[in-house]
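Coordinate inspection notes
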Amino acid sequence: MVIALAAGRVAGQSVERLQARADSLLREWRRANALADMVDSLNHARTAGGTDTISVGALRIVTNPSPARLREAAARAWPVIDSLYGTDARQLEQRPFFIAPYDPDTTSPKPTLRGAIQVPWDKDVASLVMILLTNVPIGRPDAALQNWLGGPVLPIIHPEPAHAAVYVQLVTAPSQAARSCFVGVISDCRNALALGESPDPLQQWYPSAGERRALVLRSFAEYFGYADHGVRKPTLQLCRAGSDSACTELLRSLPPGALPRPLTYDARAALVQIALRLGGRKAYHRLVATPGAPIADRLAGAAGVSVDSLVAQWRSEILAARPTPVTLPPWGPWAALGWTAVFAVCALRSSRWRVS
C-alpha cells in the first residue's frame, strides 16, 4: 500500500514536471513565431531602406529613421536593465525592441513594422526610457513566479515612492499579517508577502472576524450585492450585520486567485529587486532556473541569503522609505485661524443665518 502511494506520488510529480515543460516549450514556440514575424517585417522594411538599428550594451532597438531620441533613451535604460537581469540581459542581443516613431503632426500613414511599439517622435527622453523599461523583451519567467508576483519581473521605475507606498500599506492594510510585519514579526512579513505555503490563505492573511468583514464590505460589497442576480445579497446583509460565518462564506466563494493579498505588487516587486541586487550578476538566472521550487526558496537562492534575512532586509528598506510628514510653516496655524474667522463672518452675514 505504501509503495503504491509513493509510486502514485512520484507519477503525479512526473506529470506535473512534464506539464510545466510542455507549457514552457509552448511559450517559447509562440515567442519564436512572434520573433520570426517581426524579422520578416524587418527584412521587408530593410529592402525598402527604412530601418536603423541602435545598439547600447546588449540592448538592440530596430526602428525607422526619425528624430526620436532613442539612442539617448537606450543609454539611460541599459544600465538599469543590465543591473536587474545581470548575465541574462545578454538575451536582448537576440530579442530586439521594435519601435516605430511617427510624426504626430501629419495625417500620413504611420510606419508599418510588425510587432513594433508606435510612438510619436517628439516624445521626451524620460518617456522613451519609461517605454523601454516597461517593455523589456527578456524571456518571461514561469507562470508560478508571475502569478505570485502579479506580473513579469521588470525594473521599478521610481523606487522611492514605490517603497513609500508599501510603507503606507503596512500601516493601513486590513490584515493582521501586515500590521505584525510592521512591528517586526518576520514570519508575518512572509505571510503578508504571500510566501507561505498555507492551504488556507484566508485564515493566514485575514485571521480575525473584523478583517474579514472589512474586506467584504470594502472590496466586494457591490460584487456580492449584484452577482448572480443578487443571490448572495442576504448573506451580504448578514455579514454587514456582524455575522463572521456569513463574511467567511462569501470570501470562500470567491473564484480561485480573487482573494486580495495583504500587500500589492509593489511590495513583492521590491522584494524581488532586493533579492536580485543581493545576489549579483547571476541572481536573475538562479531565480528563473527552478520553476518547480517554492517561491520563498527561489528568492533565497537568487539572493544568496536565507529567506528570513532577505525579508528582514526588505522590511528595513521599506521602513526607511517612510513618507515625509507634511509640516506647516510657523504662520500656518494662524493662517488657518484667520480663514476660519473669515468664513464665520461670511456665514453670519448671510441672509440664511439672520433672525427675522
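Before any of the text, the structure's been laid out above.
Analysis parameters
- The written sequence of each chain sets the order in which its residues are numbered from 1.
- Thresholds applied to this predicted model are a pLDDT of at least 70 for local features of residues and 80 or more for the giving and counting of side-chain atom pairs; totals over whole chains, interfaces and linings are not thresholded and use all residues.
- Heavy atoms throughout the structure, all of them, feed into the side-chain values; hydrogens and water do not.
- Strands here mean DSSP runs of E at least two residues long; helices mean DSSP runs of H or I at least four residues long; both are numbered from the N terminus.
- The cut-offs for exposure are 20% and 50% of the maximum accessible area for each residue type, with area from a 1.4 Å probe on protein chains only; residues under the lower value are buried, those over the upper are exposed, and the others partly exposed.
- None of His or the chain ends enter the tally, which takes Lys and Arg as positive and Asp and Glu as negative.
- Salt bridge, as used here, is a side-chain nitrogen of Lys or Arg placed within 4 Å of a carboxyl oxygen of Asp or Glu.
- The contact definition used throughout considers only heavy atoms, calling two residues in contact when any of these lie within 4.5 Å.
- Only buried Ala, Val, Leu, Ile, Met, Phe, Trp, Tyr and Cys residues count toward a nonpolar core, and they belong to the same one when joined by side-chain atoms within 4.5 Å.
- Here an axis means a line fitted to C-alpha atoms, over the contact stretch when the element is a helix, while the angle between two N-to-C directions is reported on a 0 to 180 degree scale.
- Take the far helix as your reference; a near helix turned counterclockwise from it by less than a right angle gives a left-handed crossing, and one turned clockwise gives a right-handed crossing.
- Each residue receives one of three labels: charged for Asp, Glu, Lys and Arg, nonpolar for Ala, Val, Leu, Ile, Met, Phe, Trp, Tyr, Cys and Pro, and polar for the others, Gly being one of them.
- Geometry of aromatic contacts follows a simple scheme: Phe, Tyr and Trp rings, the Trp one being its six-membered ring, pair when their centres are within 6.5 Å, and the pair is stacked under 30 degrees between planes, edge-to-face over 60, tilted otherwise.
- Here, a charge over a ring means that NZ of Lys or CZ of Arg falls within 6 Å of the ring centre while also lying within 35 degrees of the ring normal.
- Take the residue count of a helix, subtract one, and multiply by 1.5 Å to get its expected span.
- Cysteine sulfur atoms that come within 2.5 Å of each other are treated as a disulfide pair.
- Two strands pair under a simple rule: DSSP has to find at least two bridges between them.

Digging into the side chain of Arg-315
Locating Arg-315 in the fold gives a position in helix α15 (residues 307-320). One buried charged side chain, Arg-315, makes no salt bridge at all; its nearest oppositely charged neighbour is Asp-188, positioned 10 Å away. Apart from the residues lying within four places of it in its own chain, the contact partners of Arg-315 are Cys-181, Phe-182, Val-183, Gly-184, Ile-186 and Cys-189.

Re the nonpolar core
Among the nonpolar cores identified, the biggest contains 82 residues, and Ile-81, Tyr-85, Trp-148, Leu-195, Leu-271, Leu-299 and Trp-314 are the most heavily contacted of them. Every residue in contact with Trp-148, bar those within four places of it in the chain, is listed here: Leu-193, Ala-194, Leu-195, Arg-261, Arg-268, Leu-271, Val-272, Ile-295 and Leu-299.

A few points about the packing of helix α12 (residues 265-279) against α15
Closest axis-to-axis distance for the α12/α15 pair is 10 Å, and the angle between their directions is 115°. Between α12 and α15 lies a crossing whose hand is right-handed. Of the residues in α15, those in contact with Ala-267, Ala-270, Leu-271, Ile-274, Ala-275, Arg-277 and Leu-278 of α12 are Leu-310, Val-311, Gln-313, Trp-314, Glu-317 and Ile-318. A per-class count over the contact of α12 with α15 returns ten nonpolar, one polar and two charged.

Focus on the packing of aromatic side chains
According to the stated counting rule, one finds five aromatic pairs in the structure shown. Their ring planes at 90° and their centres at 5.0 Å tell us that Tyr-85 and Tyr-284 sit as a pair that is edge-to-face. Of the two residues, Tyr-85 sits in helix α2 (residues 70-85) while Tyr-284 sits in helix α13 (residues 283-289), which places them 199 residues apart along the sequence. Taking relative accessible area as the criterion, Tyr-284 reaches 1% and is therefore assigned buried. Here Phe-220 and Phe-224 contribute two aromatic rings whose centre-to-centre distance is 5.9 Å and whose plane-to-plane angle is 50°, an arrangement assigned as tilted. Of this pair, Phe-220 and Phe-224 both sit in helix α9 (residues 209-226), separated by four residues, roughly a single helical turn. For the pair shown, Phe-220 and Phe-224 are each scored as buried. Taken together through their ring pairs, the aromatic side chains of Phe-220, Tyr-223 and Phe-224 make up a single cluster. Between the NZ or CZ atom of Lys-233 and the centre of the ring of Tyr-226, over which it lies, the distance is 5.5 Å.

Considering helix α5 (residues 159-172)
Residues that lie three or four places apart on an α-helix share one face, since the helix turns once every 3.6 residues. Along its 14 residues, α5 runs 20 Å from first to last C-alpha, staying within 8% of the 20 Å computed at 1.5 Å per residue. Contacts made by the buried residues of α5 are with α6 (176-182), α12 and α15.

A look at the state of the cysteines
Applying the stated criterion across every chain, the model contains two disulfides. Paired through a disulfide, Cys-181 and Cys-189 show a sulfur-sulfur distance of 2.0 Å. Where Cys-181 bonds to Cys-189 through sulfur, the torsion about that S-S bond is close to 90°, and the disulfide is right-handed. In this structure Cys-189 comes out as buried when scored by relative accessible area, which is 0%. Covalent S-S linkage joins Cys-239 and Cys-247, the inter-sulfur distance amounting to 1.9 Å. Note on the Cys-239 and Cys-247 pair: the S-S dihedral is about 100°, so by sign convention the disulfide is right-handed. Accessibility assignment for this pair places Cys-239 and Cys-247 in one class, buried.

Remarks on the sheet that holds strand β1 (residues 52-56)
Pairing is mixed across the open sheet formed by four strands, whose spatial order is β1-β2-β3-β4. Both edges of this open sheet fall to β1 and β4 (117-120), since each of them pairs with a single strand only. Each strand axis lies, on average, 30° off the axis of its neighbour in the sheet, ignoring direction. Judged from the three bridges that link them, strand β2 (residues 59-63) and strand β3 (residues 97-102) form a sheet pairing that is parallel.

Side note on the pattern of salt bridges
Inspection of every chain in the model, using the stated rule, returns nine salt bridges. Where Asp-82 meets Arg-281, a salt bridge forms, and the shortest distance between an N and an O atom there is 3.0 Å. Placement of Asp-82 in helix α2 and of Arg-281 in the loop between α12 and α13 is noted, with a sequence separation of 199 residues between them. Take Asp-82: its relative accessible area is 18%, and that puts it in the buried class. Residue Arg-281 is classed as partly exposed on the basis of its relative accessible area of 42%. The salt bridge involving Glu-211 is made with Arg-179; its shortest N-O contact spans 2.9 Å. With Glu-211 in helix α9 and Arg-179 in helix α6, the pair connects residues that are 32 residues apart, well separated along the chain. Classification of Arg-179 by relative accessible area gives partly exposed; the value is 37%.

Worth remembering: the numbers are spatial, not functional.
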